[in-house]
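So the chains spell out like this:
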Amino acid sequence: MVEVIVPATSANLGPGFDVLGLSINLYNRFKLEETDGGLKIEASGDAAFKLPSDEKNLVFASAKRLFDEAGYRYGGLRITIENRVPLGRGLGSSSTAIVGGLIAANEVSRAGLTKDEIFALATEIEGHPDNVGPAIFGGLTICYRSDPGFRAVPYKPSENLKLVLLIPNNVLETKMARGVLPKEVPLSDAVFNIARASLLVSILLTGRSGLLRDAMQDRLHQPYRASLIPGLTDTIREISRATGAGVALSGAGPSLVCIIDRLPEKDFLKKIRQLLKERGQDYLIQLAEFDLEGARVIGR
Ligand code: HSE
């Protein structure tokens, strides 16, 4: 039996569409056990009833993918899932399942894949690298397509900063949120994002938070996704204006991620509660820290 925890993640961070991602100290837990035959999947926690308990389950499909790659023959499997990362809210819940399945299967089969190899497989299964990257390596990751495959470069974010997640009740499928994006964007919008993404990385590494509000602006995906999330543009603008924090859609949404300076944290919370109340918006406000280690085996 192998037990693995995998952190939630926030991808894009505004300007870093499909490139930047952060690992968050909120974890899903997966156990994988080889049995004599059959497949048994038990899930508990957030929206556990929505998780498939057959071969469509992403933890199983990912584990099987690794077993197949490694040429490992298993009898049967028992998978236990403890789900704490809210499902379908842009906090990387599907990445936790993929990474959890791959890492557990790597241990069970003793296939010995490296983190980079697991990252390559996980990106292929997920279709984009910026959630599985931070889920595997922890901290801030910069992901990009290289030759022959994707690369993830991890960095440790500054201790001056912390995260506030604004989690709504409704879900948004990533597939649908990718479906509204254009194939091409104006050069001026690409330049706008390159400037913000560069600024954001420097702020995340140095903790100099003064320009966070500018650094998390985006023109590559949020303006298009606003058609799926009523009021998105105004909400982001008003929160960042009132608090000075960096605010963006977390992944494909619908949650928002705020990056704030740790010191005026109480002030930020007071302002944001007031603002959301005035706007009649019902978000769960969750404080979070960066996870620095990424997915790990916690039991064998
Ligand atoms: N970069 C991906 C997207 C992240 O925005 O579609 C999804 O969580």
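Residues numbered from 1 in each chain as written. Predicted model: local features only at pLDDT ≥ 70, side-chain atom pairs only at ≥ 80, totals over all residues. Heavy atoms only, no water.

## Side note on the layout of surface pockets
Taken as a whole, the largest pocket encloses approximately 840 Å³ of empty space. Every residue lining the largest pocket is counted, 41 residues in all, and those nearest its centre are Gly88, Ser93, Ser94, Glu173 and Thr174. If you list the elements that add at least two residues to the lining of the largest pocket, you get strand 2 (20-35), helix 1 (58-70), strand 4 (76-83), helix 2 (93-109), helix 3 (115-126) and helix 5 (174-179). Of the residues forming the lining of the largest pocket, the biggest block, 5 residues, is contributed by helix 2. For the lining of the largest pocket, the per-class residue count stands at 16 nonpolar, 15 polar and 10 charged. For the lining of the largest pocket, the two domains that each supply at least three residues are domain 1 (2-155 + 291-297) and domain 2 (161-288). (1 Å grid on protein atoms, 1.4 Å probe; cavity = no way out; pocket = protein on both sides within 12 Å on 5 of 7 lines; lining within 4 Å. Points joined across faces, edges and corners; volume = space filled by probe spheres on them. Helix = DSSP H or I, 4+ residues; strand = E, 2+ residues; numbered from the N terminus. Nonpolar A, V, L, I, M, F, W, Y, C, P; charged D, E, K, R; others polar. Domains from an automatic or database assignment.)

## Some remarks on the nonpolar core
Counting residues in each nonpolar core, the largest one holds 33 residues, and the members touching the most others are Leu32 and Val99. Breaking this core down by element, the ones donating at least two residues are strand 1 (2-11), strand 2, helix 1, strand 4, helix 2, helix 3 and helix 4 (132-137). Sorting elements by how many residues they give to this core places helix 2 first, with 8 residues. In contact with Val99, not counting residues within four places along its chain, are Val6, Ala122, Val132, Ala135, Ile136 and Ala295. Leu200, Val201, Ile203 and Phe290 belong to the second-largest nonpolar core, a separate cluster that totals 25 residues. (Core = buried A, V, L, I, M, F, W, Y, C linked by side-chain atoms within 4.5 Å. Buried < 20%, exposed > 50% of the residue type's maximum accessible area, 1.4 Å probe, protein only. Contact = heavy atoms within 4.5 Å.)

## Here we look at the sheet that holds strand 9 (residues 256-261)
Ordered by their spatial adjacency, 4 strands build an open sheet running 8-9-7-10, and the pairing between neighbours is antiparallel. Looking at the sheet topology across the chains shown, the edges are occupied by strand 8 (246-249) and strand 10 (284-288). Between one strand axis and the next, the sheet turns by 20 degrees as a mean value, whatever way the strands run. In this structure, strand 7 (residues 161-167) lies alongside strand 9, joined through 6 bridges in antiparallel fashion. Note that in strand 9 the partner of Leu166 across the bridge is Leu256. Against the sheet, helix 10 (residues 265-278) makes contact with strand 7, strand 9 and strand 10, and its axis sits at roughly 165 degrees relative to strand 10, the strand it touches most. (Pairing = 2+ DSSP bridges. Axes fitted to C-alpha atoms, helices over the stretch in contact; angles between N-to-C directions.)

## Digging into helix 10
Residue pairs three or four apart in sequence face the same way in an α-helix, which turns once every 3.6 residues. Along its 14 residues, helix 10 runs 20 Å from first to last C-alpha, staying within 8% of the 20 Å computed at 1.5 Å per residue. Within helix 10, burial applies to Glu265, Phe268, Leu269, Ile272, Leu275 and Leu276. Seen end-on, helix 10 carries its buried residues on one side only, within an arc spanning 135 degrees. Facing away from the buried side of helix 10 by more than 90 degrees, the exposed set consists of Lys266, Lys270, Lys277 and Glu278. Looking at the packing, one finds that the buried side of helix 10 touches strand 7, helix 9 (232-243), strand 9 and strand 10. Within two residues after helix 10, Gly280 carries a phi angle of roughly 65 degrees, on the positive side. (Expected span 1.5 Å × (residues − 1). Arc of directions from axis to C-beta.)

## Focus on the side chain of Lys162
Along the chain, Lys162 turns up in strand 7. Its relative accessible area of 7% is what places Lys162 among the buried residues. Separated by 3.3 Å, the side chains of Lys162 and Glu289 make a polar contact. Here Lys162 is in contact with Cys258, Ile259, Ile260, Arg262, Glu265, Leu287, Ala288, Glu289 and Phe290, once residues within four sequence places are set aside. (Polar contact = N/O pair within 3.5 Å; in protein donor to acceptor, adjacent residues only side chain to side chain.)

## Here's the deal with the site of the ligand
Taken together, Ala11, Asn12, Phe17, Asp18, His128, Asp130, Asn131, Thr174, Arg178, Arg225, Gly251 and Ala252 make up all the residues around the ligand. The contact in question runs from an oxygen atom of the ligand to an N or O atom on the side chain of Asn12, over 2.8 Å. In this structure, Arg178 approaches the ligand through a side-chain N or O atom, which is 2.6 Å from an oxygen atom. Relative to its unbound accessible surface of 260 Å², the ligand loses 97% to contact with the protein. Its residues assigned to classes, the shell around the ligand comprises 3 nonpolar, 5 polar and 4 charged. Taken domain by domain, the shell around the ligand gets at least three of its residues from each of domain 1 (2-155 + 291-297) and domain 2 (161-288). (Near = heavy atom within 4 Å. Areas by Shrake-Rupley, 256 points an atom, 1.4 Å probe, with all protein chains shown as cover.)

## Quick notes on helix 9
Spanning 12 residues, helix 9 covers 17 Å between terminal C-alpha atoms, matching the ideal 16 Å at 1.5 Å per step. Of the residues making up helix 9, those classed as buried are Leu232, Thr235, Ile236, Ile239 and Ser240. The buried residues of helix 9 occupy an angular sector of 115 degrees when the element is viewed end-on, so they sit on one face. Summarising the contacts, the buried residues of helix 9 are in contact with strand 7, helix 7 (212-215), helix 8 (222-225), strand 8, strand 9 and helix 10. After helix 9 finishes, the residue Gly244 shows a positive phi value of roughly 80 degrees.

## Observations concerning the domain arrangement of the protein chain
Once the domains are mapped, the protein chain shows domain 1 (2-155 + 291-297) and domain 2 (161-288). For domain 1 versus domain 2, the distance between C-alpha centres works out to 25 Å. Listed per partner, the contact involves 25 residues of domain 1 and 37 residues of domain 2. A buried area of about 2,100 Å², summed over both sides, lies between domain 1 and domain 2, and 66% of it is on carbon and sulfur atoms. Per-residue buried area on domain 1 facing domain 2 is highest for Pro15, Phe17 and Arg89; these three make up 30% of the total on that side. For the pair domain 1 and domain 2, the number of links is 1 salt bridge. Here Asp18 makes a salt bridge to Arg178, at a shortest N to O gap of 2.8 Å. If you look at where domain 1 meets domain 2, you find 11 residue pairs in polar contact (both at pLDDT 80 or more). (Buried area = accessible area lost by both parts, 1.4 Å probe. Salt bridge = Lys/Arg side-chain N within 4 Å of Asp/Glu carboxyl O.)

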